[in-house]
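Structure assessment
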Amino acid sequence: MKIFQATAELTPLAKTGGLADVSAALSLHLQRSGHDVRVVMPFYDTIDVSGLDIVPVDYLQEVPISIGSRHGHYSVDTVQLPGTGLSIYLLRSPDLYHRGSIYTQHFDEHRRFILLCRACPEICQRMGFAPDIFHCHDWHTGLIPLYLRTIYAWDQLFARTRSIMTIHNIGYQGMFSSDVLPDLDLNGFEGMLHQDDLRSGVINFLKTALLHAHHLTTVSPSYAREIQTDAYGMGLQHLLRGRRDSLTGILNGVDHHEWDPATDTLIPFNYTAMELAGKRACKRALMSELGLTGEIDQPLLGMVTRLTSQKGLDLLHSVLPEILSRRPVMLAVLGSGEPRYEHFFGELQHRFPGQVCFYRGYNNRLAHWIEAGSDLFLMPSLYEPSGLNQMYSLKYGTVPVVRETGGLADSVQQINPQRGTGTGVLFRDYDETGLRWALETALDLYANRTLWMQVMRNGMAQDFSWQRQGAQYEDLYRQLMVRG
Ligand code: ADP
Ligand code: GLC
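This write-up is about the structure you can find in this document. (Residues numbered from 1 in each chain as written. Chains lettered and ligands numbered in written order. Predicted model: local features only at pLDDT ≥ 70, side-chain atom pairs only at ≥ 80, totals over all residues. Heavy atoms only, no water.)

1. Considering the packing of helix H1 (residues 18–32) against helix H17 (residues 466–483)
Running from N to C, H1 and H17 cross one another at 75°; their axes reach a closest spacing of 10 Å. Comparing the axis directions of H1 and H17 gives the class roughly perpendicular. Residues Val22, Ala25, Leu26, His29 and Leu30 of H1 form the contact with H17, whose participating residues are Trp466, Gln467, Gly470, Ala471, Tyr473, Glu474 and Tyr477. A class-by-class count of the residues in the contact of H1 with H17 yields 8 nonpolar, 3 polar and 1 charged. (Axes fitted to C-alpha atoms, helices over the stretch in contact; angles between N-to-C directions. Helix = DSSP H or I, 4+ residues; strand = E, 2+ residues; numbered from the N terminus. Parallel < 35°, antiparallel > 145°, perpendicular 65-115°, else oblique. Contact = heavy atoms within 4.5 Å. Nonpolar A, V, L, I, M, F, W, Y, C, P; charged D, E, K, R; others polar.)

2. Regarding unusual backbone geometry
The step from Thr11 to Pro12 runs through a cis peptide bond, and the omega angle for that step is 0°. Turning to its location among the elements, Pro12 is positioned in the loop between strand S1 (2–6) and H1. Phi at Glu62 is positive, roughly 50°, even though this residue is not glycine. Here Glu62 is to be found in the loop between strand S3 (55–56) and strand S4 (63–67).

3. What about the environment of Leu366?
The residue Leu366 is located in helix H12 (residues 364–373) in this model. What makes Leu366 buried here is its relative accessible area of 3%. Once residues lying within four places of it in the same chain are set aside, the contact partners of Leu366 are Leu286, Leu290, Leu334 and Tyr359. (Buried < 20%, exposed > 50% of the residue type's maximum accessible area, 1.4 Å probe, protein only.)

4. Details of the layout of surface pockets
A volume near 490 Å³ is recorded for the second largest pocket. Along the walls of the second largest pocket sit 26 residues, with Thr11, Pro12, Pro82, Asp255 and Glu258 positioned nearest its centre. Considering only residue class, the lining of the second largest pocket consists of 15 nonpolar, 6 polar and 5 charged. When residues are assigned to domains, the lining of the second largest pocket turns out to be shared by domain 1 (2–253 + 467–483) and domain 2 (277–463), each giving three or more. (1 Å grid on protein atoms, 1.4 Å probe; cavity = no way out; pocket = protein on both sides within 12 Å on 5 of 7 lines; lining within 4 Å. Points joined across faces, edges and corners; volume = space filled by probe spheres on them. Domains from an automatic or database assignment.)

Take a look at the structure:
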């Protein structure tokens, strides 16, 4: 199949969260499966270019483009995704993408992603690439399905192209004032935007994709159901209910080239389910690195997360201090984000020295160390489309304690102590009682060493590889091509 992937993030070049991991790993899987995959992302100035061999594409240099009244140019370079055989295309436009961060609050943020949405079909045209599947990820690429149906529809190149929008997170929709309408350059096709939104002065990029993509996916079966409800749909539930026959939930996968304790080059000791000594050594190394002074046999709870309300952090305020005061549990937190949460974890570290360590910031190596060195991993998410860290945790023998929502519900099974089955502890209701119960239960179970080892091995035996999850995308692509 000829497959085009359009994304704003790609590991390891530009990443704020799981979107980057999934765009990269899915593209790699598709290429390894023998498909012709073209991947395009913006060339941000934040990309660390050292060691990269960036080659300009000669027929894609200084291509003129107008976005509304702004006349400019874009160019395209190729680069090999580090550590892989996959070439990707970087969309170069310094005045839009040299902003010091992937996303901005600047007045022209919409233009940064309109350019991406316009350049992707144009790159196909200039390459003579007729994609069977145009796979768009999140709001940043949300106008592509509309553009394929309107301003580029004249081109027979796209006559058989099927577009897919994958919703990684419905909390981010790309909403702009309708003042930006001229910048969309719809040339008479304005009627294809959501008219009620336009009347109320809004243009919503994700919603536009939900209206016009041939098919919609999201990153777990449970989230596919949840986003059709008032509680989770963030205003898009009615539209999604209307398109439920074109909505598929496919759980994310884990890139085992990066996340496997047997081969991980970032962790201090490797280990497997058969030989777990390395995990204990990783725990000792992590404690020493973070200044955690408890006994090695005391449970160590890890967290690696963007610090936003999505991640359920509001539940922690009284529960964590209470449990830390009562039980000999250690806590290692890596994250950055909203100041109120950074403040909370900073205070917690201050109040429980040697028992809590909060590392504020982004640190991939430490993320691997925490996955490997912790006993338990906490994700009390308010909502979680898929979540990757709980799957990394399972692979690393680190037992997840999670809220039963979205991809967490689809990847973690409740422990049954009598039968020795299950892989983690889940709580259903988003409240402190639920979280307290889950943490107490997990800590009690941790004391039963035989059971705990069994649960660790149950988790390590799970298969969330892209081999498996990626095959579901391939099946979907084929169905769309046949169905038309
Ligand atoms: P989300 O995309 O909502 O942030 P996911 O669980 O899908 O959640 O993916 C998060 C990804 O980002 C994981 O690969 C995780 O290891 C990584 N990550 C999140 N915060 C940090 C951080 N502070 N430092 C390093 N990696 C992080
Ligand atoms: C989003 C979601 C997360 C998901 C990731 C990749 O950021 O919050 O649950 O795993 O996208 O799909």
